[in-house]
Amino acid sequence: MLTVAGAAQGIKALHCPLIPAAACYACCYCHFDAVPFYPCQTIPGTPYFRAIVGRCANRIAKGRFSIAGQQYTLKANNGPNALHGGPDGFHRRVWQASPVEQTADGSAVALSYTSVDGEEGYPGTLQASVRYELLSHSAELRVTISATTDKPTPVNIVGHSYFNLAGHGSGNILGHIVKLAADHYTPVDDTNIPTGAILPVASTPFDFTTPHPVGERIAQLPNGYDHNLVLFGMGPQARFITRNQAVSSTPRLAATVTEPSSGLTLQVLTTAPGLQFYTGGYLGGGNTPDAKDGAHYPRFAGLCLETQNFPDAINQPTFPSVVLQPGGTYKHQIVYRLTAPPS
């Protein structure tokens, strides 16, 4: 069953009768308890809990880019860079929700938002929609993100949910076992902007081609994982393989996460070429008002598996293009699939 938070920009609750009650509770997102806190996510330290982020998610170097010789400047909100669409990006906007509908496979709801020309510095009026469908015959949530524009504009609309499969208030996710369908990554500079290189993950802490605990090598990284992985074996050829920001017409398995004590497993499938693996290194700052059930979210309390185009792709010629043209349609599909061991 889907429960929608009025005209908010996300789902308030998911209830799946096919997962045991204890496991269903355990897989809750880290999140605020009250809807009014979601449009307040520009409070320093608030972490984009279960937000839709855009117009162009992740970082844009120095908040600047050009299209067809025209220079555009965005508001910097992450050091010198623009992050997740800017301080008043999609995570701060109220989306319009359609009534929940019953489909042949389950329940669905659609959210829509019009981002006007010049909003946060981006060119063009963007018509964006997100459709969530929760299947009735399996513990699976399907997400389809779509957008059209009247001017060329960078688009990278991403789901920013945090997962802790032991329960949202249970501590950290360092013991979660992760496997990623990514044999390359995009290294970054000291402001987390990609250098433009696409390098193999072999012999680095980013190698999750076989399962590893999150915490096994995390000490090698100053603030844990917050890096883009190149999916599906594309490596440096990603810009030639990706078409209209999609690698395939149907979602492919990108990530598998298992919580060892419960055996609960999350699979994430996507059509996108990249995945930002973030382990919550910026959590724990004490600025998470009204967290669900009064929970305290410490550092590494949840992990994000943000399927996406690559960070700063608008400024990186070696990356797949992030520009949506008039007459084209942006489409990003994601599947979240949960399984629990037999009770």
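Cut-offs used in this document
- Residues numbered from 1 in each chain as written.
- Predicted model: local features only at pLDDT ≥ 70, side-chain atom pairs only at ≥ 80, totals over all residues.
- Heavy atoms only, no water.
- Phe/Tyr/Trp six-rings, centres within 6.5 Å; stacked < 30°, edge-to-face > 60°.
- Lys NZ or Arg CZ within 6 Å of the ring centre and 35° of its normal.
- Helix = DSSP H or I, 4+ residues; strand = E, 2+ residues; numbered from the N terminus.
- Buried < 20%, exposed > 50% of the residue type's maximum accessible area, 1.4 Å probe, protein only.
- Polar contact = N/O pair within 3.5 Å; in protein donor to acceptor, adjacent residues only side chain to side chain.
- Contact = heavy atoms within 4.5 Å.
- Salt bridge = Lys/Arg side-chain N within 4 Å of Asp/Glu carboxyl O.
- Core = buried A, V, L, I, M, F, W, Y, C linked by side-chain atoms within 4.5 Å.
- pLDDT = per-residue confidence, 0-100.

A. Focus on the packing of aromatic side chains. This structure, assessed with the given rule, holds 14 aromatic pairs. In this structure an aromatic cluster arises from ring pairing among Y185, F206, F208, Y225 and F277. Here the basic side chain of R217 rests over the ring of F208, its NZ or CZ set 4.8 Å away from the ring centre. Across the ring face of F232, the terminal group of R252 is positioned such that the distance to the ring centre comes to 4.4 Å.

B. Representation of the side chain of Q316 in the model. Relative to the helices and strands, Q316 is located in the loop between β24 (303-308) and β25 (323-324). Look at Q316 and you get buried, because its relative accessible area is 11%. Within the local environment of Q316, its side chain forms a polar contact with the backbone oxygen of P194, the two atoms lying 3.0 Å apart. Apart from the residues lying within four places of it in its own chain, the contact partners of Q316 are I193, P194, T195, G196 and P311.

C. The arrangement of the pattern of salt bridges in detail. Overall, the coordinates contain eight salt bridges when judged by the stated rule. For D226, the salt bridge goes to R59, with nearest N and O atoms at 3.3 Å. Taken as a pair, D226 in strand β20 (residues 226-231) and R59 in strand β4 (residues 59-60) lie far apart in primary sequence, 167 residues in all. Each member of the pair, D226 together with R59, is buried. The partner of R92 in a salt bridge is D88, with the nearest N and O atoms 3.2 Å apart.

D. Expanded view of the nonpolar core. Within the largest apolar cluster, 69 residues are counted, with the highest numbers of intra-cluster contacts made by I157, L180, F277 and L305. A total of five residues in this core trace back to one element, the largest contributor, which is strand β11 (residues 126-135). The contact partners of L180, leaving out residues within four places of it in the chain, are F208, T209, L229, A254, A255, L275, F277 and L305. Listed in part, the eight residues of the second largest apolar core include Y162, Y278, A295 and A301.

E. Quick look at unusual backbone geometry. Of the consecutive residues G54 and R55, the connecting peptide bond is found in the cis state with omega at 10°. Tracing the sequence through the fold places R55 in the loop between β3 (51-53) and β4. In this structure, N244 is a non-glycine residue whose phi angle is positive, near 55°. For N244, a relative accessible area of 66% puts it in the exposed group. With phi around 55°, D312 is a residue other than glycine that occupies positive phi space. In this structure, D312 sits in the loop between β24 and β25.

F. The confidence of the model for the protein chain, seen in detail. Here the protein chain averages 87 in pLDDT, while 84% of its residues score no lower than 70. Across residues 20-42 the pLDDT falls below 50, and counting only partners more than four positions away or on other chains, this stretch makes 79 contacts in the model.

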